[in-house]
Amino acid sequence: MLTRGAFIVIEGLDRSGKSTQAAVLKERLAGEGVQVELMKFPDRTTSIGQMIDAYLRSSIELDDHVVHLLYSANRWELATRILDLLASGTTVVCDRYAFSGIAFSASKIKTSNRVLPYAWCRAPDAGLPAPDVTLFFDIAPSAARARGGYGEERYEREDMQGRVMQAYARLGAEMEAERPGSWVRVDAGQSVENVTKEVWDLVSPLTRGIEGEVGKLWVGE
Ligand code: DGP
């Protein structure tokens with residue numbers, strides 16, 4: 001049977017170490033001779049991504065619904081590329097994906113009310129390629145903040161990150177109910193070296209090639 005590349009997503013709070021570990025993982029896989037591509041969402045290089053970037057840096061204001069749909073559109077505009085890479089046997093390591101979309105958007109509040117309902121946030125991402133595994137980098141919002149750098153972009157506030165954490169817990173439980181083994185917690189509070197080792201132990205068995213089609217997110221409900 002033909003095998004395809006693995007689709008590996010890393011999710012978690014801001015400052016949980018996702019980007020560092022995604023880059024290390026990519027290098028290690030490449031060093032082991034695995035064909036691998038690193039992707040990141042939002043991908044700020046596309047025209048849609050540039051609007052998201054301007055919004056995150058607060059240089060433009062956009063309605064919350066519009067921003068949410070732009071993030072989703074940014075994933076959809078790259079979905080075919082993900083599928084093509086996987087079909088060609090390339091492993092895709094992705095720093096953030098649809099789970100960030102839902103967790104961050106559904107956590108926005110105005111005058112203590114949620115702005116966007118969870119189900120509304122999830123709908124536009126239904127049908128996107130489903131990761132074979134999502135590594136959830138688990139770290140307390142206070143520990144993430146202590147790493148420094150919070151405060152430069154829109155969502156980097158501890159109360160927001162606390163709500164984001166709760167949304168991730170819901171997403172993780174739903175993913176595990178639908179596809180057991182597809183959402184794996186990584187203790188992101190450990191040293192960089194230990195996180196690297198844990199990630200490697202989880203990911204390396206997948207990169208020998210996966211049998212079967214790429215799944216689709218949230219289409220069976
Ligand atoms: P990053 O480039 O990984 O630092 O992400 C930028 C910020 O955008 C971060 O605070 C998380 C947030 N974010 C990432 N993806 C989405 C998304 O799809 N929707 C929303 N609302 N926020 C997102």
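For the protein, the name recorded in an unreviewed UniProt entry is Thymidylate kinase, with Schizophyllum amplum as its organism. Here the protein is described in UniProt, under the heading Sequence similarities (unreviewed entry), as follows: "Belongs to the thymidylate kinase family." The Pathway (unreviewed entry) comment attached to the protein in UniProt states, word for word, "Pyrimidine metabolism; dTTP biosynthesis."

Undergrad: So what's going on with helix H1 (residues 18–31)? Residues and values would help.
TA: Over its 14 residues, H1 runs 20 Å from end to end, which matches the ideal 20 Å to within 8%, given 1.5 Å per residue. All buried positions along H1 are accounted for by Lys18, Gln21, Ala22, Leu25 and Leu29. Buried residues in H1, looked at end-on, bunch into an arc of 105 degrees, giving them a common side. Of the exposed residues in H1, the ones pointing more than 90 degrees away from its buried face are Glu27 and Gly31. In this structure, the buried residues of H1 make contact with strand S2 (7–12), strand S3 (36–40), strand S4 (91–95), strand S7 (133–138) and helix H8 (192–203). Positive backbone phi, approximately 85 degrees, marks glycine 33, located one or two places after H1.

Undergrad: Can you lay out the site of the ligand for me, pointing to particular residues and giving the numbers?
TA: The immediate surroundings of the ligand are formed by 14 residues, with Lys40, Arg75, Arg96, Gly101 and Ser105 found nearest. The separation between an oxygen atom of the ligand and a polar side-chain atom of aspartate 14 is 2.9 Å. Arginine 75 places a side-chain nitrogen or oxygen 2.8 Å from an oxygen atom of the ligand. Isolated, the ligand exposes 500 Å² of accessible area, and the fraction of that covered by the protein chains is 93%. Mapped by element, the contributors of at least two residues to the shell around the ligand are helix H3 (64–87) and helix H4 (98–105). The dominant element in the shell around the ligand, judged by the number of residues it contributes, is H4, at four residues. For the shell around the ligand, a count of residues per class yields five nonpolar, three polar and six charged.

Undergrad: Please provide a residue-by-residue account of the side chain of glutamine 21, values included.
TA: Structurally, glutamine 21 can be placed in helix H1. Accessibility expressed as a relative area gives 4% for glutamine 21, which makes it buried. Discounting chain neighbours no more than four positions away, the residues touching glutamine 21 are Ile10, Phe137, Val192, Val195 and Thr196.

What counts, and at which threshold
- Residues numbered from 1 in each chain as written.
- Predicted model: local features only at pLDDT ≥ 70, side-chain atom pairs only at ≥ 80, totals over all residues.
- Heavy atoms only, no water.
- UniProt positions renumbered as here; feature names shortened; annotations may be inferred.
- Helix = DSSP H or I, 4+ residues; strand = E, 2+ residues; numbered from the N terminus.
- Expected span 1.5 Å × (residues − 1).
- Buried < 20%, exposed > 50% of the residue type's maximum accessible area, 1.4 Å probe, protein only.
- Arc of directions from axis to C-beta.
- Contact = heavy atoms within 4.5 Å.
- Near = heavy atom within 4 Å.
- Polar contact = N/O pair within 3.5 Å; in protein donor to acceptor, adjacent residues only side chain to side chain.
- Areas by Shrake-Rupley, 256 points an atom, 1.4 Å probe, with all protein chains shown as cover.
- Nonpolar A, V, L, I, M, F, W, Y, C, P; charged D, E, K, R; others polar.

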